[in-house]
Amino acid sequence: VEILSQLGDLYLLIENYDRAIDQYQKALSINNNHQHSLQQCFEINYTTNQLNKALKIAIEMCENNKNFKNYHNYLRALIALDKKQDAIELFNSLSENFKLDCDILYLISTISESKREIILKRILEIDVSHTMTNVDLATIEFDRGNYSKVISYCINVNDEHPLALY
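Residues numbered from 1 in each chain as written. Predicted model: local features only at pLDDT ≥ 70, side-chain atom pairs only at ≥ 80, totals over all residues. Heavy atoms only, no water.

**Student:** Which residues make up the pattern of salt bridges, and what are the values?
**Tutor:** Two side chains of opposite charge can pair, provided their charged atoms sit close to one another. A complete count under the given rule lists eight salt bridges for this structure. Taking the shortest distance from any N to any O, the salt bridge between Lys121 and Glu117 comes out at 3.3 Å. Residue Lys121 and its partner Glu117 are located together in helix H9 (residues 116-126), separated by four residues, close to a single helical turn. The salt bridge involving Glu125 is made with Arg122; its shortest N-O contact spans 3.0 Å. With Glu125 and Arg122 both in helix H9 and three residues apart, this pair spans about one turn of that helix. We classify Glu125 as exposed; its relative accessible area is 60%. The class of Arg122 is partly exposed, set by a relative accessible area of 33%. Here the salt bridges share partners, and the residues they tie into one network are Glu117, Lys121, Glu141 and Arg144. (Salt bridge = Lys/Arg side-chain N within 4 Å of Asp/Glu carboxyl O. Helix = DSSP H or I, 4+ residues; strand = E, 2+ residues; numbered from the N terminus. Buried < 20%, exposed > 50% of the residue type's maximum accessible area, 1.4 Å probe, protein only.)

Put into structure tokens, the structure is as follows:
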């Protein structure tokens, strides 16, 4: 299983998605719950805009293994398919621990315009270094002309983000 999955990874590196999927499918035919192969199949389908397939895989991953990454992917697929209400219902059904995951909260902030800033600030209460949250809050404050707050958010941006250069 691992060798087939690693072959899939090699094909993925060269962006040969069809061959990568073939290798991951072979691995899954041996172990239908191989998380890495499922995850990679999700990512390929999501990246290639085969969102219904990605959603189906995300649902399967959540049924087999209830973890943050799987629910994050489930939400990503729902949001990409513009199923915002379904995403909110899924979020509301999650345990409190999952609702406090910064990446999951960030996804919810992207679909809840009226509560966006509140959710973003809640994320920073959990993790002050969450890069995309700091970027989004800096953008909000920039649009308001509140430049001192822009700077305070930019200080927390990961050095690898282009905004950190300023």
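**Student:** Explain the packing of helix H8 (residues 102-109) against H9 to me, using residue names and the numbers behind them.
**Tutor:** Viewed as axis vectors pointing N to C, H8 and H9 meet at an angle of 170°, and their least axial separation amounts to 9 Å. Overall, the two elements H8 and H9 adopt an arrangement that is roughly antiparallel. Residues Cys102, Leu105, Tyr106, Ile108 and Ser109 of H8 pack against Arg116, Ile119, Leu120, Arg122, Ile123 and Ile126 of H9. Grouping the amino acids of the contact of H8 with H9 by side-chain chemistry returns eight nonpolar, one polar and two charged. (Axes fitted to C-alpha atoms, helices over the stretch in contact; angles between N-to-C directions. Parallel < 35°, antiparallel > 145°, perpendicular 65-115°, else oblique. Contact = heavy atoms within 4.5 Å. Nonpolar A, V, L, I, M, F, W, Y, C, P; charged D, E, K, R; others polar.)

**Student:** Can you break down the packing of aromatic side chains residue by residue, with the values?
**Tutor:** Throughout the structure, instances matching the rule amount to four aromatic pairs. Ring centres of Tyr71 and Phe98 lie 5.4 Å apart, and the angle between their planes is 85°; this geometry places the pair in the edge-to-face category. Of this pair, Tyr71 sits in helix H5 (residues 68-80) while Phe98 sits in helix H7 (residues 96-99), and the two are 27 residues apart along the sequence. The exposure classification of Tyr71 matches that of Phe98, with both residues buried. Taking 5.5 Å as the distance between ring centres and 65° as the angle between the ring planes, the aromatic pair formed by Phe142 and Tyr147 counts as edge-to-face. Residue classification places Phe142 among the partly exposed residues on the basis of a relative accessible area of 48%. (Phe/Tyr/Trp six-rings, centres within 6.5 Å; stacked < 30°, edge-to-face > 60°.)

**Student:** Could you give an account of a nonpolar patch on the surface, naming the residues involved and the relevant values?
**Tutor:** Together, Ile3, Leu7, Leu10, Leu13 and Ile14 line one region of the surface with nonpolar side chains, adding up to about 550 Å² of accessible area. Relative to the helices and strands, Leu10 resides in helix H1 (residues 2-13). (Patch = residues over 30% accessible without salt bridge, like charges linked within 9 Å, V, L, I, M, F, W, Y side chains within 5 Å. Areas by Shrake-Rupley, 256 points an atom, 1.4 Å probe, with all protein chains shown as cover.)

**Student:** An account of the environment of Ile30 is requested, with residue identities and associated values reported.
**Tutor:** Inspection of the secondary structure assignment puts Ile30 in helix H2 (residues 17-30). Overall, Ile30 belongs to the exposed group, its relative accessible area being 57%.

**Student:** For the side chain of Asn134, give the residues involved together with the corresponding values.
**Tutor:** Tracing the sequence through the fold places Asn134 in helix H10 (residues 131-144). The exposure class assigned to Asn134 is buried, which follows from its relative accessible area of 0%. At a separation of 3.0 Å, a polar atom in the side chain of Asn134 contacts the main-chain carbonyl oxygen of His130. Those residues in contact with Asn134 that sit more than four places away from it in its chain are Leu124, Val128, Ser129, Tyr153, Asn156 and Val157. (Polar contact = N/O pair within 3.5 Å; in protein donor to acceptor, adjacent residues only side chain to side chain.)

Any link to function would need more than the numbers given here.
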